[in-house]
Amino acid sequence: MEVNSLTWGITIVVLLGFIIFDFVSHVRKPHEPTIKEAAGWMIFYVLLACGFGIFLWYAWGGPQGKHDHAIEFFAGYITELSLSIDNLFIFALIIGSFKVPRAYQQKVLLIGIALALIFRGVFIAIGAAAISAASAVFYLFGAFLLYTAVKLIRDEIRGEEETDVDDMLVVRMTRKVIPVSSSFDGDKLFTREKGHRMVTPLMLALVSIGFIDLMFAFDSIPAIFGLTKEPYIVFTANAFALMGLRQMYFLLDGLLDRLVYLPYGLGVILGFIGVKLVLHALHENNLAFINGGEGFHVLEIPTVASLLFIVVTLAVTAVASLIKNKRDENLGGIPPKWNTAKDAS
């Protein structure tokens, strides 16, 4: 399989087709999706991602029948999907902050996620160019992921207060430069108020989701570059993870707070990939002030081992969370925390 401009073109057209289909068939008519609907479409997008991975397994096997690219895709997809789950809480805060009615939340999420995919595509292109220009960038990626992992776990241990959406720089700047109407106008993104054309709070919410997801990409993009150096795999793994995110939002509504150990699991995964990147940087070292510009003979972690580590970590995190929830329920119940989106209705 050759990843050329035609391959990229077909991939982008197919992704746009799914986004348009999703909008026309489910989002254009405002409604609150049922659990059955969300679960059905979530399963569909997971199976779609699996089908793409199987396609890579056979089509991009290499001259000796190796399947590294398919394994890299699955490792990247699972990593991006797990990181996206944590992002859903911020999405709920944004939707709750703007008091988006439940019937319109699908539209906000779909368009916001489409914007996020465009932003991530640009970020991936920049990251790939940086890697091609200098292998030393892996030192930066690795150090940043290790810092993020430590901060994520430290904040969870300290019990840091949740982010206030109104204090987010992206949201504050957007509100300053874009005139926003004082109320919703159905599910319209633009309206007129006192003769002036303005954006609605719905528009501001989806723009905020798109830009804030880009902030999350500073963690997730370096993480997946630690699993594969192929920009095509980085992009498609991100695309498939984002495509199922809207359905996951409604499927996990009210359940995310029960994954109490998820931040720890994500911190461990980011730390593991950070170490993997630093080891790779040492192996490919070309910095003159480190070992005279020569690479080190260090252990490099295979992609299969990375995939197994990520899956096992997430499984342990989920099981430990379930055990803790069951124990807390027996002791008097768990107060619901992730109900911001429901309160918006």
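Under an unreviewed UniProt entry, the name given to the protein chain is Integral membrane protein, TerC family, and the organism recorded is Corynebacterium durum F0235. According to UniProt, the comment filed for the protein chain under the heading Subcellular location (unreviewed entry) is "Membrane". Reading the Sequence similarities (unreviewed entry) entry of the UniProt record for the protein chain gives the comment "Belongs to the TerC family."

Student: What is the right way to look at the overall build of the protein chain in this model?
Tutor: The helix and strand tally for the protein chain stands at 12 helices and two strands. Its helices and strands taken in sequence order, the protein chain reads α-α-α-α-α-α-β-β-α-α-α-α-α-α from the N to the C terminus. Per-residue burial over the protein chain gives 46% buried out of 345 residues. For the protein chain, contacts bridging at least 24 residues in sequence account for 79% of all contacts bridging at least 6. When the accessible surface of the protein chain is totalled, it reaches about 16,800 Å², and 67% of it is carbon and sulfur.

Student: Got a minute to help me understand the packing of helix α4 (residues 105–133) against helix α8 (residues 231–243) in this structure?
Tutor: The relative placement of two packed helices is expressed as an angle between their axes plus a distance between the axes. In the contact formed by α4 and α8, the axes pass within 10 Å of each other and the chain directions differ by 160°. Considered as vectors, α4 and α8 are oriented roughly antiparallel to each other. Of the two possible hands of crossing, α4 and α8 adopt the one that is right-handed. For the pair α4 and α8, the contacting residues are Ile-113, Ala-116, Leu-117, Arg-120, Gly-121, Ile-124 and Ala-128 in the first and Pro-231, Val-234, Phe-235, Asn-238, Ala-239 and Leu-242 in the second. Split into classes, the residues belonging to the contact of α4 with α8 amount to 10 nonpolar, two polar and one charged.

Student: How should I be thinking about the pairing of strand β2 (residues 196–199) in this particular structure?
Tutor: Along any regular strand, the residues point their side chains to alternate faces of the sheet. Two elements, strand β1 (residues 190–193) and β2, share four bridges in a ladder whose sense is antiparallel. For Phe-190, the partnering residue across the bridge sits in β2 and is Val-199. Where β1 folds back on β2, the antiparallel hairpin that results is connected by two residues, among which Lys-194 adopts a positive phi of roughly 55°.

Student: I'm lost on the environment of Phe-272 in this one. Help?
Tutor: For Phe-272, the location among the structural elements is in helix α10 (residues 262–283). For Phe-272 and Phe-309, which are 37 residues apart along the polypeptide, the C-alpha to C-alpha distance reads 8.7 Å. If near-sequence neighbours (up to four positions away) are discounted, Phe-272 is found in contact with Ile-301, Ser-306 and Phe-309.

Student: Any chance you could explain the pattern of salt bridges here in plain terms?
Tutor: Proximity of charged atoms lets side chains of opposite charge pair with each other. On inspection of all chains with the given rule, the structure shows seven salt bridges. For Lys-188, the salt bridge goes to Asp-185, with nearest N and O atoms at 4.0 Å. Its relative accessible area of 47% is what places Lys-188 among the partly exposed residues. A single network of salt bridges, built from pairs that share partners, joins Lys-151, Arg-154 and Asp-155.

Student: I keep staring at the packing of α4 against helix α7 (residues 201–225) and nothing clicks. Help me out?
Tutor: Between α4 and α7, whose axes approach to 7 Å, the crossing angle comes to 35°. As α4 packs across α7, the resulting crossing turns out to be right-handed. Of the residues in the contact of α4 with α7, the class split is 21 nonpolar, four polar and three charged.

Student: Whenever I open this one, the side chain of Glu-72 confuses me. Can you help?
Tutor: Take Glu-72: it is sitting in helix α3 (residues 68–97). Among buried Asp, Glu, Lys and Arg side chains, Glu-72 stands out as unpaired, with Lys-229 the closest opposite charge at 6.7 Å. If we skip the residues at most four places from it in the chain, Glu-72 touches Leu-227, Thr-228, Ile-233 and Thr-303.

Student: I would appreciate a short explanation of empty space enclosed by the protein in the present structure.
Tutor: Empty space among the atoms can be located by rolling a probe the size of a water molecule over them. Counting across every chain of the model gives three cavities of 30 Å³ or more. Approximately 100 Å³ is the volume attributed to the largest cavity. Contributing to the lining of the largest cavity are Phe-18, Ile-19, Asp-22, Tyr-45, Leu-110, Ile-113, Ala-114, Leu-117, Ala-239, Leu-242, Met-243 and Arg-246. The set of elements that each furnish at least two residues to the lining of the largest cavity consists of α1 (5–27), α4 and α8.

Student: Just to check I follow, could you spell out a nonpolar patch on the surface for this structure?
Tutor: A cluster of nonpolar side chains, contributed by Ile-12, Leu-16, Ile-20 and Val-24, occupies part of the molecular surface with about 350 Å² of accessible area. With respect to the helices, strands and loops of the structure, Val-24 is situated in helix α1.

Student: Got a minute to help me understand the layout of surface pockets in this structure?
Tutor: Of the volumes computed, that of the second largest pocket is approximately 250 Å³. Taken together, 13 residues line the second largest pocket, and the ones lying closest to its centre are Met-42, Val-46, Tyr-77, Ile-78 and Leu-81. Those elements giving two or more residues to the lining of the second largest pocket turn out to be α2 (35–59), α3 and α9 (245–251). When its residues are assigned to classes, the lining of the second largest pocket shows 12 nonpolar, one polar and no charged.

Student: What is the right way to read the packing of aromatic side chains from this model?
Tutor: Think of a pair of aromatic rings as described by two things: how far the centres are apart, and how the planes are tilted against each other in angle. In the structure shown here, the tally under the stated rule is 20 aromatic pairs. When the centroid spacing of 6.0 Å and the interplanar angle of 55° are considered together, the rings of Tyr-261 and Tyr-264 count as tilted. Classification of Tyr-261 by relative accessible area gives partly exposed; the value is 27%. Here the aromatic cluster, defined as three or more aromatic residues joined through ring pairs, consists of Trp-8, Phe-52, Phe-55, Trp-60, Phe-73, Phe-74, Tyr-77, Tyr-232, Phe-235 and Phe-240.

The rules behind the values
Residues numbered from 1 in each chain as written. Predicted model: local features only at pLDDT ≥ 70, side-chain atom pairs only at ≥ 80, totals over all residues. Heavy atoms only, no water. UniProt positions renumbered as here; feature names shortened; annotations may be inferred. Helix = DSSP H or I, 4+ residues; strand = E, 2+ residues; numbered from the N terminus. Buried < 20%, exposed > 50% of the residue type's maximum accessible area, 1.4 Å probe, protein only. Contact = heavy atoms within 4.5 Å. Areas by Shrake-Rupley, 256 points an atom, 1.4 Å probe, with all protein chains shown as cover. Axes fitted to C-alpha atoms, helices over the stretch in contact; angles between N-to-C directions. Parallel < 35°, antiparallel > 145°, perpendicular 65-115°, else oblique. Left-handed = near helix turned anticlockwise from the far one by under 90°. Nonpolar A, V, L, I, M, F, W, Y, C, P; charged D, E, K, R; others polar. Pairing = 2+ DSSP bridges. Salt bridge = Lys/Arg side-chain N within 4 Å of Asp/Glu carboxyl O. Lys, Arg positive; Asp, Glu negative; His and termini not counted. 1 Å grid on protein atoms, 1.4 Å probe; cavity = no way out; pocket = protein on both sides within 12 Å on 5 of 7 lines; lining within 4 Å. Points joined across faces, edges and corners; volume = space filled by probe spheres on them. Patch = residues over 30% accessible without salt bridge, like charges linked within 9 Å, V, L, I, M, F, W, Y side chains within 5 Å. Phe/Tyr/Trp six-rings, centres within 6.5 Å; stacked < 30°, edge-to-face > 60°.

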